[in-house]
Amino acid sequence: MEEGGAQGQSKKGWLESWFSCGRSRAAQVPSQTLHVESCLASFFLSEELTGDDRLECDGCHQRAECNKIFRINQLPQVLCLHVKRFKFTTSGVCTKLNQVLRYDLEGLSLAGYCTDDCADSHHQYSLFGVVSHSGSCLSGHYLAYALNYMDQNWYCFDDSKVTRCKPGDLSKVEPYMLFYQRPGPSHTTVPRDLVANVSSQPEVVQGERSVFISAEWLARWACLENVGTVANQKYICRHEQLNISTLQAMQSELVQIPVRLWSVILEACPGAVEVTPEMARATCSRCEMEKEDELCLLYTSP
């Protein structure tokens, strides 16, 4: 929160807002060229709240004119930008905005929009998906463009038709939604040949030792770069056994994979907790006893 009679602040999340009482800001007007970066600069500009929009200041307890500004507290792994292509008037009439929007495939930086407390050191984003819309407000057609993480080629998805396209072809696409991802440190970057290994040999052979892994994490590991340690810890109790709630959600939240592929994953993302089939047969008896004791205490209390 800024100094100088700050009035309020939103609940802390990945995006924060500040209100500074009576302070003027030298707002830098974005370039007239319609580019994703100029649109972001416009979104993060300071907004002056006057008239009925004035807020009550925590310092002077009076409704005062103030400036509102957004800043990013935590950078997301995947950044989805929704382009405002449709405009509605007060009478309900819809108009489509067909201005050309330029965007880069690499090097989109959010460094200038982060708070001082933002711990993320990697601010650069790379494009991996585009959704375009052709037509009007009443009718139209959507196309999807996606970067294949296996062969690093771009593909156009037009209903059931899929065609390969060149990166340069994306400059002709009218974007409606843009999808970026943030690469992480080198030690958490997933080698693509390891992903291919997991994708081509996912089945457990009879008699082969296996382990369980978070289905959500495995899906993220297959298409993202910075996914961190395997998210198995939340399924384990403090006694290093399967917690009580996990057994009920085993089929939907955990995937069984051969231990040879588990070793491959550990090589790329070390430090994960192993969930074995032996652990999956029953929940922790000590946790169950503690839960029963809590229930007994609850019902016997006056």
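Please refer to the structure placed before this passage.
Here is a short report on the structure shown in this document.

## A word on empty space enclosed by the protein
Rolled over the atoms, a probe as big as a water molecule pinpoints where empty space is left.
So, step 1. Per the counting criterion, the structure on display carries one cavity of 30 Å³ or more.
So, step 2. By volume, the largest cavity is sized at about 40 Å³.
So, step 3. Residues belonging to the lining of the largest cavity are distributed by class as follows: three nonpolar, one polar and three charged.

## Describing the packing of aromatic side chains
So, step 1. The final tally for this structure, using the stated rule, is six aromatic pairs.
So, step 2. With centroids separated by 5.8 Å and ring planes inclined at 15 degrees, the aromatic side chains of Phe 43 and Phe 70 adopt a geometry described as stacked. With Phe 43 in helix α1 (residues 36-43) and Phe 70 in strand β6 (residues 66-72), the pair connects residues that are 27 residues apart, well separated along the chain.
So, step 3. The exposure class of Phe 43 is partly exposed, given its relative accessible area of 48%.
So, step 4. For Phe 70, a relative accessible area of 24% corresponds to the partly exposed category.
So, step 5. Relative to Phe 179, the ring of Phe 128 has its centre 6.3 Å away and its plane inclined at 55 degrees; by these criteria the two rings are tilted. Here Phe 128, found in strand β11 (residues 124-135), pairs with Phe 179, found in strand β15 (residues 175-181); they are 51 residues apart in sequence, far enough to count as distant.
So, step 6. With a relative accessible area of 25%, Phe 128 lands in the partly exposed category.
So, step 7. Relative accessible area serves as the criterion here: at 22%, Phe 179 is assigned to the partly exposed category.
So, step 8. Members of the aromatic cluster, each reached through a chain of ring pairs, are Phe 43, Phe 44, Phe 70 and Tyr 113.

## Regarding α1
So, step 1. Listed in full, the buried residues belonging to α1 are Val 36, Ser 38 and Leu 40.
So, step 2. The secondary structure elements touched by the buried residues of α1 are β7 (78-82), β10 (108-109) and β15.

## Concerning the state of the cysteines
So, step 1. Under the counting rule described, the total for this entry stands at one disulfide.
So, step 2. Here Cys 94 is linked by a disulfide to Cys 137, with a sulfur-sulfur distance of 2.4 Å. As the torsion about the S-S bond is roughly -75 degrees, the Cys 94-Cys 137 disulfide counts as left-handed. You can see Cys 94 sitting in strand β9 (residues 94-96) and its partner Cys 137 sitting in the loop between β11 and β12 (140-147), a full 43 residues away along the chain.
So, step 3. Here Cys 165 stays unpaired: no disulfide links it, and the sulfur of Cys 156, its closest cysteine neighbor, is 6.1 Å away.
So, step 4. The class for Cys 165 is buried, based on a relative accessible area of 13%.

## Section: the layout of surface pockets
So, step 1. When its volume is computed, the largest pocket comes out at roughly 590 Å³.
So, step 2. Forming the boundary of the largest pocket are 22 residues, of which Cys 39, Leu 40, Leu 81, His 82 and Val 83 lie nearest the centre.
So, step 3. Only α1 and β7 provide two or more residues apiece to the lining of the largest pocket.
So, step 4. For the lining of the largest pocket, the leading source of residues is α1, giving five residues.

## A look at unusual backbone geometry
So, step 1. Phi is positive for Gln 152, which is not a glycine, with a value near 60 degrees.
So, step 2. As for its position among the elements, Gln 152 is in the loop between β12 and β13 (154-158).
So, step 3. For Asp 159, which is not glycine, the phi dihedral falls at a positive 55 degrees.
So, step 4. Within the secondary structure, Asp 159 sits in the loop between β13 and β14 (161-165).
So, step 5. By relative accessible area, which is 63% here, Asp 159 ends up exposed.

Definitions and limits used
- Residues numbered from 1 in each chain as written.
- Predicted model: local features only at pLDDT ≥ 70, side-chain atom pairs only at ≥ 80, totals over all residues.
- Heavy atoms only, no water.
- 1 Å grid on protein atoms, 1.4 Å probe; cavity = no way out; pocket = protein on both sides within 12 Å on 5 of 7 lines; lining within 4 Å.
- Points joined across faces, edges and corners; volume = space filled by probe spheres on them.
- Nonpolar A, V, L, I, M, F, W, Y, C, P; charged D, E, K, R; others polar.
- Phe/Tyr/Trp six-rings, centres within 6.5 Å; stacked < 30°, edge-to-face > 60°.
- Helix = DSSP H or I, 4+ residues; strand = E, 2+ residues; numbered from the N terminus.
- Buried < 20%, exposed > 50% of the residue type's maximum accessible area, 1.4 Å probe, protein only.
- Contact = heavy atoms within 4.5 Å.
- Disulfide = S-S within 2.5 Å.

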